[in-house]
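Next come the chains, spelled out residue by residue.
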Amino acid sequence: GAAGVDRRTVLRSVGVLSGLALVGVGALVWARRSTTAAVETVRTALRLPKATDPAAPLPAGAAPDVPGLEPAVTPNDDFYRIDVAVSVPAISTDDWRLRIEGRVDRPLELTWAQLLSRPSIERRITLCCVSNPVGGSLVGTATWQGVRLTDLLDEVGVHDDASLVVGRSDDGFTAGFPRELLRDGRDAMVAYAMNGEPLPVEHGFPARLVVPGLYGYVSATKWLTGIRLTTIEDDTPYWVRREWLADGRIESAARIDVPRDSDVVPPGEAVIAGRAWRQHVGVGTVQVSVDGGPWRDAQLADSLGVDAWRLWSLRWTATDGPHQLRVRMLDATGAAQSEEVRDVFPGASSGLHTITVTVAG
């Protein structure tokens, strides 16, 4: 994903609405709704194959029992959405094709039926938008199913000089990432299912790219119709042309979800809880500091896998008055989350999520 404010700027600059008469706007909206409705009818009737390599069962201890804490797996309706689509592409599975081309020996074109006939993997993967502020909500975890990307690339025979993998959306959007990042076994896929159902239209139906450990703006192409093996000199992706960094690897982050900033908390035994993520590396330790005091280790919930966030909780004796709560994470290698305060542009925010609560009876 890329910054929401940038998306709004794009919409304003295009002038989609300002140049249309009122009757024209009504006709445009009606046409879009009827087309989307037709695709939605097809989507809900689809039957997906069982994953050849399914995800492990959801651990019983994936989420601590804390009132107000959102679940470990994000429901489709609650999953964040950031894109540059003026209107959501409504693509029929009958018409859809995926073409893999560029610096390859054997270009490949797949129909929807051909994609679904291939061996598939199912994984819980956390996606995060590069424009997510510290403590923000532009992050979510879903169970994705699709065809492993490296299987497709092996089939087409990628040339040694192809250093960039670029996904192309039906609406012309492109996102690209270094091909070398696929060499460490991460479960990148052409995904067609999200939490056990066909991708919702707004999340990329019929197919999208999912690449663990990379921000969406370099990897998460929705409404996918093409994959091109190329170089950044020949095919500079959409957001990189707009001066966002080409290296889109996700950094360590931790967030306090309970209590919320500015909440009033009753005195006595309380729980601080949230989630932390370092996709494709894993969460090692989460620590909380109260009022600048010593860092205390939180209890980690059961892991959803190396490519997904991990929930955590810490018991706290809340005493009267205002209190500052701060969280940090050490990843599975022991590397500490950066405390440097940095804005989202040009390559992700950083800093420790810090909130203030008032304890009062």
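For the structure itself, consult the block above.
Criteria and thresholds
- Residue numbers run consecutively from 1 along every chain, following the written order of its sequence.
- The predicted origin of the model limits local features to residues at a pLDDT of at least 70 and limits the giving and counting of side-chain atom pairs to 80 or more, whereas totals for whole chains, interfaces and linings rest on all residues.
- Just so you know, side-chain values use all the structure's heavy atoms and leave hydrogens and water out.
- Two kinds of site are reported from a 1 Å grid over the protein atoms alone, namely cavities, where a 1.4 Å probe fits but cannot get out, and pockets, open sets with protein on both sides within 12 Å along at least five of seven lines, and residues are called lining when an atom falls within 4 Å of a point.
- Grid points are joined across faces, edges and corners, and a volume is the space filled by probe spheres set on the points.
- Residues are sorted three ways: Asp, Glu, Lys and Arg are charged, Ala, Val, Leu, Ile, Met, Phe, Trp, Tyr, Cys and Pro are nonpolar, and all the rest, Gly among them, are polar.
- The pairing criterion for strands is at least two bridges between them, as found by DSSP.
- A run of H or I in DSSP counts as a helix once it spans at least four residues, and a run of E counts as a strand once it spans at least two, with each numbered from the N terminus.
- For every residue, the accessible area (1.4 Å probe, protein chains only) is compared with the maximum for its type, and the residue is labelled buried under 20%, exposed over 50%, or partly exposed between those bounds.

Draft legend 1. Highlighting the layout of surface pockets. A volume near 280 Å³ is recorded for the largest pocket. Considering the residues around the largest pocket, the lining is formed by 19 residues, among which Glu70, Ser137, Arg255, Asp257 and Arg260 are closest to the centre. Of the residues that constitute the lining of the largest pocket, the class distribution is eight nonpolar, four polar and seven charged.

Draft legend 2. Main features of the sheet that holds strand β13 (residues 268-277). Spatial ordering of the open sheet is given by β11-β13-β17-β16, a layout of four strands whose pairing is antiparallel. Two strands bound the open sheet, and with one partner strand each, they are β11 (253-258) and β16 (299-300). One ladder, built from nine bridges, connects β13 with strand β17 (residues 310-318); its direction is antiparallel. Across the sheet, residue glutamate 269 finds its bridge partner in β17, namely threonine 317.

Draft legend 3. Summary view of unusual backbone geometry. Across the junction of phenylalanine 205 and proline 206, the peptide omega takes the value 10°, indicating a cis bond. Looking at the secondary structure, you find proline 206 in the loop between β8 (197-198) and β9 (208-210). In this model, valine 258 is joined to proline 259 through a cis peptide bond whose omega is -5°. Note that proline 259 resides in the loop between β11 and β12 (264-265). Of note in the backbone geometry, asparagine 195 takes a positive phi value of approximately 55° without being a glycine. Here asparagine 195 lies in the loop between β7 (189-194) and β8. Residue classification places asparagine 195 among the partly exposed residues on the basis of a relative accessible area of 25%.

Without other data, these values stay purely geometric and don't point to any function.
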